[in-house]
Amino acid sequence: MTGRVTLVGGGPGTDDLLTVAAVRALAAADVVLYDRLAPHARLAEHAPNAELIDVGKRPGHHAIPQSEIEALIVGHAEAGARVVRLKGGDPYVLGRGSEEVLACHRAGIPVEVVPGVTSAVAVPAAAGIPLTHRGVSHLFTVVSGHAPLTEAELTHLAGLGGTIVVLMGVSALPSLTAGLARAGLDAEMPVAIIERGFQAGQRTTTGTLSDIVGAAGRAQVASPAVVVIGEVVRLAHDGEADSLALIDRAARLAAVFP
Ligand code: SAH
């Protein structure tokens, strides 16, 4: 009897942000193949009957190639297992989830997808940064820093006037910020880099388009991190101590960007 595959978005790395559907799928799993950035600290509790397989990849050290991960998913399902493929964030946001769904279809294996809380939205929130704010930014664009952006893409991004969220952007930071500056983005545009969201050691480094590369170098910023570029960074708040200053900043920003 053929098993089935559930591709589960595990959120940005903390159990608190697993969905109810994710928890249910894990509880019923025979095999769980999980990524480095998926929440895995308490996987044995969530999936007590499952064989747990770490297929985590580190930047530069591709532990298990994508084709092998797909072969593992398909192989376990063909052997009759209920397979959960637990991914970080949302499976369909820069996570190769669609390739894994296609691999199941090619093998004739039933597959469903459980969406997850993407780090693109949740990690800025962990640092108190809203991606939109009425009068300040009414759109955000999520880009991958994995491959260089073309000049045309940089020009569009710089011209949009919204918030830019970069995943996998630590190594690309110098070329990305230089490219956006070349494309006309204001050198004073605020930038925040949030490392290890929701983990011990979560840290935010801030600067502007022109000086963030230096700040990131001094702070030895490392992956995983989410980069946020936009006026919304000025609205960062991680406590209530600065309420008045925050309210004042928001009012002034909204007046500047009607
Ligand atoms: N599908 C995932 C993204 C995969 S790409 C999602 O929807 O979240 C991997 C990138 O996500 C990392 O390089 C980093 O930019 C970001 N990321 C994921 N989890 C993170 C975390 N806990 N803290 C900071 N960045 C994170």
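None of these values were measured; they are calculated from a predicted model.

(A) Broad picture of the overall build of the protein. If you tally the helices and strands in the protein, you get 9 helices and 10 strands. Against the 2.2 N^0.38 benchmark of 18 Å for 258 residues, the protein shows a C-alpha radius of gyration of 20 Å, consistent with a compact globule. A principal-axis box enclosing the C-alpha atoms of the protein has dimensions of 65 × 40 × 35 Å. Taking all 258 residues of the protein together, the buried fraction comes to 46%. Put simply, 64% of the contacts in the protein that link residues at least 6 apart link residues at least 24 apart. If you sum the accessible surface of the protein, you get close to 12,700 Å²; carbon and sulfur atoms cover 57% of it.

(B) A look at the domain arrangement of the protein. Annotation of the protein at the domain level lists domain 1 (4–117) and domain 2 (120–256). One C-alpha centre belongs to domain 1, the other to domain 2; they are set 29 Å apart. The interface is formed by 10 residues belonging to domain 1 together with 12 residues belonging to domain 2. When domain 1 packs against domain 2, the two sides together hide about 690 Å² of surface, and 77% of this comes from carbon and sulfur. Linking domain 1 to domain 2 there are 0 salt bridges. There are 1 residue pair in polar contact (both at pLDDT 80 or more) connecting domain 1 and domain 2. Class assignment of the residues belonging to the side of domain 1 that touches domain 2 gives a composition of 7 nonpolar, 2 polar and 1 charged.

(C) Main features of the pairing of strand β4 (residues 82–87). Among the 6 residues in β4, 5 count as buried, and that is most of the element. Inspection of the sheet shows strand β2 (residues 31–34) paired to β4 by 4 bridges, in the parallel sense. Each residue of the ladder has a partner; that of Y34, found in β4, is L86.

(D) Spotlight on the sheet that holds strand β1 (residues 4–9). Pairing is parallel across the open sheet formed by 5 strands, whose spatial order is β3-β2-β4-β1-β5. A single partner strand is all that each edge strand has here, and the edge strands are β3 (51–54) and β5 (111–114). Going from strand to strand, the sheet's axes swing by 20 degrees on average, the running direction of each strand aside. One ladder, built from 6 bridges, connects β1 with β4; its direction is parallel. Bridging across to β4, V8 finds its partner in L86.

(E) Looking closely at the site of the ligand. Close contacts around the ligand come from 18 residues, with V93, T118, S119, G197 and A225 the closest. At 2.9 Å from a nitrogen atom of the ligand is found a main-chain nitrogen or oxygen belonging to D90. Taking G197, its main chain carries an N or O atom lying 2.8 Å from a nitrogen atom of the ligand. Its free accessible area being 550 Å², the ligand has 92% of it covered by the protein chains.

(F) View of helix α8 (residues 212–219). Considered for burial, the residues of α8 that qualify are I212, A215 and A216. Mapping the buried residues of α8 onto a view down its axis gives an arc of 100 degrees, with all of them on the same face. Looking one or two places after α8, you find Q220, whose phi comes out positive at around 55 degrees.

Parameters at a glance
Residues numbered from 1 in each chain as written. Predicted model: local features only at pLDDT ≥ 70, side-chain atom pairs only at ≥ 80, totals over all residues. Heavy atoms only, no water. Helix = DSSP H or I, 4+ residues; strand = E, 2+ residues; numbered from the N terminus. Rg over C-alpha atoms; globule rule 2.2 N^0.38 Å. Buried < 20%, exposed > 50% of the residue type's maximum accessible area, 1.4 Å probe, protein only. Contact = heavy atoms within 4.5 Å. Areas by Shrake-Rupley, 256 points an atom, 1.4 Å probe, with all protein chains shown as cover. Domains from an automatic or database assignment. Buried area = accessible area lost by both parts, 1.4 Å probe. Salt bridge = Lys/Arg side-chain N within 4 Å of Asp/Glu carboxyl O. Polar contact = N/O pair within 3.5 Å; in protein donor to acceptor, adjacent residues only side chain to side chain. Nonpolar A, V, L, I, M, F, W, Y, C, P; charged D, E, K, R; others polar. Pairing = 2+ DSSP bridges. Axes fitted to C-alpha atoms, helices over the stretch in contact; angles between N-to-C directions. Near = heavy atom within 4 Å. Arc of directions from axis to C-beta.

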